[in-house]
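A look at the structure
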Amino acid sequence: MHACWGAPAIIRGMGAIAVLAAALASPVADAQGFAAQWMMRVTQAARTLNYSGTILVRQGARFDTFRLAHMFDNEQESEKLLSLDGPAREIVRSATEVRYYFPDAKVVRIEPRTIRNVFPSLSPEQTANLAQYYEFKLTPGGRVAGRITEMATFEPRDGMRYAHRFWADATTGLLLRSRLVNEKGDVIEEFAFTDVTYNAKLDKEMVRPSWTSVPSDWQVTQAGPGEFKSNDTGWTANKVPPGFIKISEGFRKLAGKRDPAAHLVFSDGLVAISVFVEPYTVTQTQIGLTQAGGLAQYSTRSDAYRVTVIGEAPPATVQQIAQSVSRNKP
Amino acid sequence: MKENISRLMDGEVEDAEFERCVAELRSGEAMDTWTCYHVIGDSLRGAHSIAVHGVATRFSARFHAALAAEPTVLAPPRERIRTSQPATFAWAVAATIAAVTVVGWTAFSMVDVPPNAIAKAREAATIRAAQAKPQADVASEYLLAHQEFSPAMAIQSGAPYFRAATVTAIEPQRRP
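Attention here is on the structure that accompanies the text. (Residues numbered from 1 in each chain as written. Chains lettered and ligands numbered in written order. Predicted model: local features only at pLDDT ≥ 70, side-chain atom pairs only at ≥ 80, totals over all residues. Heavy atoms only, no water.)

For soluble globular proteins, the rule of thumb is that nonpolar side chains tend to be buried together. Counting residues in hydrophobic clusters, the biggest one holds 59 residues, and the most contacted among them are Trp38(A), Leu130(A), Phe154(A), Phe166(A), Phe193(A) and Leu270(A). With 6 residues, the top contributor of residues to this core is helix H2 (residues 27-48) of chain A. What Trp38(A) contacts, discounting residues up to four positions off in sequence, is Phe136(A), Leu138(A), Glu150(A), Ala152(A), Phe154(A), Phe166(A), Ala168(A), Leu175(A) and Ile155(B). If you look at the next biggest cluster of nonpolar residues, it comprises 9 residues, including Leu254(A), Phe276(A), Ile310(A) and Leu143(B). (Core = buried A, V, L, I, M, F, W, Y, C linked by side-chain atoms within 4.5 Å. Buried < 20%, exposed > 50% of the residue type's maximum accessible area, 1.4 Å probe, protein only. Helix = DSSP H or I, 4+ residues; strand = E, 2+ residues; numbered from the N terminus. Contact = heavy atoms within 4.5 Å.)

The structure is reproduced here in structure tokens:
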């Protein structure tokens with residue numbers, strides 16, 4: 001369908017592999033290339049277009065609106081996200097860092113940018129899993145934010161994951177609406193542009209922070225998820241749902257914590273689930289299940305360790321993984 | 001469930017609820033209810049009904065199969081147009097009265113996909129809502145470390161960062 005769309009060579013190369021794989025084999029392989037290709041097209045659109053708009057985010061019963069401006073200039077992304085409801089939150093992403101401004105708390109949090117610049121990073125195995133564990137369909141999606149869309153549906157073939165519906169601009173490929181649907185058919189999380197403008201002309205002002213420098217009475221917190229050492233952690237999750245494969249493993253320094261945590265990431269090609277293992281201390285946040293929209297987190301104590309699993313998956317899935325974490329048998 | 005179906009037929013279902021109602025139709029039982037209500041409505045309005053025994057069942061089965069193959073595109077117009085004509089029908093009431101009288105036999109004969117196998121499977125996969133705390137105190141540190149890895153998040157503009165903005169747990173860090 002969309003073989004090349006002006007993506008960097010490495011991504012076109014990956015697309016070509018997907019197309020080749022599709023051409024070689026069965027209708028299943030055909031569909032699998034198609035789903036992965038669609039994901040890549042939409043990912044590329046989100047990265048490489050210039051646009052601004054208003055975004056509505058619904059998580060359960062909660063609504064939030066944001067103003068977003070995104071610019072792609074000289075192969076670099078910059079982005080500014082401003083919350084329009086409640087306390088002001090401003091998130092500015094540049095090529096090298098992400099800054100979170102919390103003006104009410106007088107805090108700015110600065111993080112180096114690390115992983116996302118290599119996306120899309122679907123391995124051939126993930127691409128295959130995407131087709132095996134979700135039924136993919138592409139249909140006309142009607143209008144969203146005044147634009148004609150195509151709707152992609154990822155329907156799970158088992159109860160271990162959520163259904164995803166994506167509406168992308170039929171012309172530009174930009175994702176304009178997405179819905180996460182649970183096993184009961186409830187929309188548990190929704191993301192939607194209510195208006196979108198594609199900007200032919202770049203305006204750097206739109207993606208600059210509102211504060212040219214950090215006010216002197218603000219607290220600056222730095223680092224965070226940036227520090228990551230890829231490594232064999234000695235931990236493993238024994239009951240990971242079929243289709244989820246480990247895509248990352250290492251030790252990570254989490255802000256505000258003394259000891260680094262083991263961090264394992266599993267993905268089925270559409271979503272990711274993270275496993276954290278760290279020494280148990282009494283001051284840590286609570287044990288148990290928490291949920292925010294499509295995101296579930298389950299924390300449990302395992303002897304001297306605390307295991308935390310977080311991901312866009314049903315609570316039962318997250319809980320099952322958490323309870324299966326153990327030391328690797330040598 | 002039956003109430004939802006009648007509300008769905010009356011166009012009284014909000015957009016947010018719509019997905020769930022349509023998903024409910026995927027169970028054989030709900031599909032039969034849907035068909036049954038239509039048959040009742042047709043009968044009460046004196047329209048030629050499809051509810052000849054057997055035909056309705058086959059229709060129901062075919063419709064069910066077709067629906068199962070659809071990515072939920074059974075979308076009614078979003079805005080409901082209220083007219084002064086008595087076009088909207090009180091389905092719930094009709095169902096209550098008529099189901100046991102006029103076409104009661106039809107309704108029962110159509111229930112040819114009995115068990116709640118699907119519902120059972122779903123229940124098993126669902127943790128009771130009471131077990132989950134309603135709103136985010138998902139610890140931001142884990143979220144921030146996790147979010148970069150999700151393909152589904154990567155295609156959303158501004159995401160995964162809006163998640164960080166909506167998580168209430170982001171507080172000034174204690175200095176180590």
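Burial in helix H4 (residues 315-323) of chain A covers these residues: Pro315(A), Thr317(A), Val318(A), Gln319(A), Ile321(A) and Ala322(A). Buried residues along H4(A) sit against strand E14 (235-237), strand E17 (272-279), strand E18 (288-292), strand E19 (295-302), strand E20 (305-311) and strand E21 (325-327) of chain A.

Before going further, it helps to spend a moment on the pattern of salt bridges. Residues and elements named next belong to chain A. Evaluation of the coordinates by the stated rule reveals 20 salt bridges over all chains. Between Arg161 and Asp158 there is a salt bridge whose closest N-O contact spans 2.8 Å. The exposure class assigned to Asp158 is partly exposed, which follows from its relative accessible area of 23%. Each of the salt bridges in this network shares a partner with another, and the network as a whole consists of Arg47, Glu77, Glu79 and Arg93. (Salt bridge = Lys/Arg side-chain N within 4 Å of Asp/Glu carboxyl O.)

Residue and element names in this part refer to chain A. Spatial strand order, E7-E8-E9-E10-E11-E1-E2-E3-E4-E5-E6-E12: 12 strands in an open sheet with mixed pairing. The sheet is open, and its two edges are formed by strand E7 (134-144) and strand E12 (219-221), each paired on a single side. With direction set aside, neighbouring strand axes in the sheet form an average angle of 15°. Each of E7 and strand E8 (147-156) touches helix H3 (residues 124-133); the most contacted strand, E7, lies at about 80° to it. (Pairing = 2+ DSSP bridges. Axes fitted to C-alpha atoms, helices over the stretch in contact; angles between N-to-C directions.)

Residues and elements named next belong to chain A. The phi dihedral of Lys106 falls on the positive side, at around 55°, and the residue is not glycine. Position of Lys106 among the secondary structure elements: in the loop between strand E5 (97-102) and strand E6 (107-112). Its relative accessible area of 37% is what places Lys106 among the partly exposed residues. Although it is not a glycine, Asp303 sits at a positive phi angle of roughly 55°. By secondary structure assignment, the location of Asp303 is in the loop between E19 and E20.

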